[in-house]
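Topology and contacts: notes
Given next are the chains, with one letter for each unit.
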Amino acid sequence: MTWDEMAPLLWQASGESAVMVAWSTLFTVLFGLPLGVALVVLDRGGLRPMPVLKSVLGFLVNSGRSLPFIVLMIAITPFTRLVAGTTVGTAAFVVPLTVGAVPFFARLVETALREVGPDVVQAAQAMGASRLAVVRKVLLPEALPGLVAGLTVTVVALIGYSAMAGTLGGGGLGDLAVRYGYQRFETALMIVTVVLLIVIVQLLQSLGDRVARRLSHK
C-alpha cells in the first residue's frame, strides 16, 4: 500500500479517534470531577462527612475500575444502545469510553484534592466560607496542577481505550489497524498507525506536563 492510499485512511481514522476522545473527555470531566470531589467531601473528616454514602460511591468507583475496558464495552452494550440508539460507530462508543474513564478520573481527582493542605481549608472555613465556596475557591484552585496532570493521564488512557473500541466497530485508528494492518496484512500501515499513536500520546503528555508545571509555579 502506497502513501497516497494510506493518507486518506489515516486522516479519516484520526478524525474518528479525535471525536471519540474529545467527547468522552468532556463527559468524563463533567461526571468524574464532581464524583472525585464527593469522594473527598463526604469522607470522614471532610467538609460534609457521610461515610455510608462515601462507601457506596467508593464501591461503584472501584467496581468500574476493576473491569478491563474490552469487557466493559461488551457488558454495557444494552446501556450503550439505550443512550446512543446503536452499538456501533464513533458516537456509540463515546458511551463506554465515558463509563470506563469516569471512575479512573474520579480517583485521580480525589488524589489531587487530598494533596491540598488542611490548614488552607481550615483558614477558609474560619473566615466563614461555605462548603461550596471552599470547594470552588480553595480545593479546586489549589489542586489545579494535580487535576491537569490527572486529566492528561486520563486523555492518554482514553486514546488507548479508543483504539480498543475499534476492534468492536468503533472506528478510528484501532479499527484501521485491525482491518488493514491485521486482517489484510498491511504491515506498513500498521507501523504508521502505531507511530502516529505514539506521537499523539507524546505530544499530549508533554503539553499536559508543561501546563501542570506552569500552574504549580504560580
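A quick note: this is a predicted structure, and the numbers were derived from the prediction, not measured.

Quick look at the overall build of the chain now. Counting its regular elements, the chain contains ten helices and zero strands. Helices (α) and strands (β) of the chain occur, in sequence order from the N terminus, as α-α-α-α-α-α-α-α-α-α. Judged by the C-alpha coordinates and their principal axes, the chain covers about 70 × 40 × 25 Å. Each of the 218 residues in the chain was classed as buried or not, and the buried ones make up 39%. At a minimum sequence separation of 6, the contacts of the chain that also span at least 24 residues come to 72%. Here the chain displays about 12,000 Å² of accessible surface, and carbon together with sulfur accounts for 67% of that area. Here the chain contributes 16 positively and 11 negatively charged side chains, and the mean placements of these two sets differ by 12 Å.

Let's shift gears to the pattern of salt bridges. Counted by the stated rule, this structure contains four salt bridges. For the salt bridge of Arg114 with Asp43, the shortest nitrogen-to-oxygen distance reads 2.9 Å. Placement of Arg114 in helix H5 (residues 94-114) and of Asp43 in the loop between helix H1 (3-41) and helix H2 (51-66) is noted, with a sequence separation of 71 residues between them. Arg114 sits in the partly exposed class, given a relative accessible area of 42%. A residue is classified by how much of its surface remains accessible, and Asp43, at 18% relative accessible area, is buried.

Remark: helix H9 (residues 172-182) packs on helix H10 (residues 187-216), axes separated minimally by 9 Å, with the N-to-C direction vectors making an angle of 160°. Relative to H10, the element H9 is oriented roughly antiparallel. In this structure, the crossing between H9 and H10 has a hand that is left-handed. Here H9 contributes Leu173, Leu176, Ala177, Tyr180, Gly181 and Tyr182 to the contact with H10, which in turn contributes Leu189, Met190, Thr193, Leu196, Leu197 and Ile200. Here the residues of the contact of H9 with H10 are counted per class, giving ten nonpolar, two polar and no charged.

Next up on the list: the packing of helix H4 (residues 77-84) against H5. Orientation of H4 relative to H5, taken along the N-to-C sense of each, is 120°, at an axis distance of 9 Å. Between H4 and H5, the angle is such that the two are oblique. Considering only the axes of H4 and H5, their crossing is right-handed. Along the contact surface, H4 presents Phe79, Thr80, Val83 and Ala84, while H5 presents Val95, Pro96 and Val99. Classifying every residue of the contact of H4 with H5 gives six nonpolar, one polar and no charged.

Position of Ser24 among the secondary structure elements: in helix H1. A distance of 2.6 Å separates the side chain of Ser24 from the backbone oxygen of Met20, its partner in a polar contact. Among all residues touching Ser24, those that are not within four sequence positions of it are Val94, Leu97, Thr98 and Leu158.

Quick look at the nonpolar core now. Generally speaking, nonpolar side chains in soluble globular proteins are found buried as a group. Core analysis: the biggest nonpolar cluster contains 17 residues, and Leu47, Leu113, Val121, Val134, Val135, Leu139 and Ala143 have the highest contact counts within it. Among the secondary structure elements, those contributing two or more residues to this core are H1, H5, helix H6 (118-126) and helix H7 (131-142). Ignoring sequence-local partners within four residues, the contact set of Leu139 consists of Leu47, Leu113, Val116, Val121 and Val134. Formed by 15 residues, the second largest nonpolar core is a distinct cluster that contains Leu72, Met73, Ala101 and Tyr161.

With that settled, consider H10. In a regular helix each residue adds 1.5 Å, so 30 residues correspond to 44 Å; H10 covers 43 Å between its end C-alpha atoms and thus fits that length. Within H10 the residues assigned to the buried category are Leu189, Thr193, Gly208, Ala212 and Leu215.

This paragraph deals with the environment of Leu207. Its location among the elements puts Leu207 in helix H10. A C-alpha to C-alpha distance of 9.9 Å links Leu207 and Ala149, two positions 58 residues apart in sequence.

Analysis parameters
- Residues numbered from 1 in each chain as written.
- Predicted model: local features only at pLDDT ≥ 70, side-chain atom pairs only at ≥ 80, totals over all residues.
- Heavy atoms only, no water.
- Helix = DSSP H or I, 4+ residues; strand = E, 2+ residues; numbered from the N terminus.
- Buried < 20%, exposed > 50% of the residue type's maximum accessible area, 1.4 Å probe, protein only.
- Contact = heavy atoms within 4.5 Å.
- Areas by Shrake-Rupley, 256 points an atom, 1.4 Å probe, with all protein chains shown as cover.
- Lys, Arg positive; Asp, Glu negative; His and termini not counted.
- Charge placed at Lys NZ, Arg CZ, Asp CG, Glu CD.
- Salt bridge = Lys/Arg side-chain N within 4 Å of Asp/Glu carboxyl O.
- Axes fitted to C-alpha atoms, helices over the stretch in contact; angles between N-to-C directions.
- Parallel < 35°, antiparallel > 145°, perpendicular 65-115°, else oblique.
- Left-handed = near helix turned anticlockwise from the far one by under 90°.
- Nonpolar A, V, L, I, M, F, W, Y, C, P; charged D, E, K, R; others polar.
- Polar contact = N/O pair within 3.5 Å; in protein donor to acceptor, adjacent residues only side chain to side chain.
- Core = buried A, V, L, I, M, F, W, Y, C linked by side-chain atoms within 4.5 Å.
- Expected span 1.5 Å × (residues − 1).

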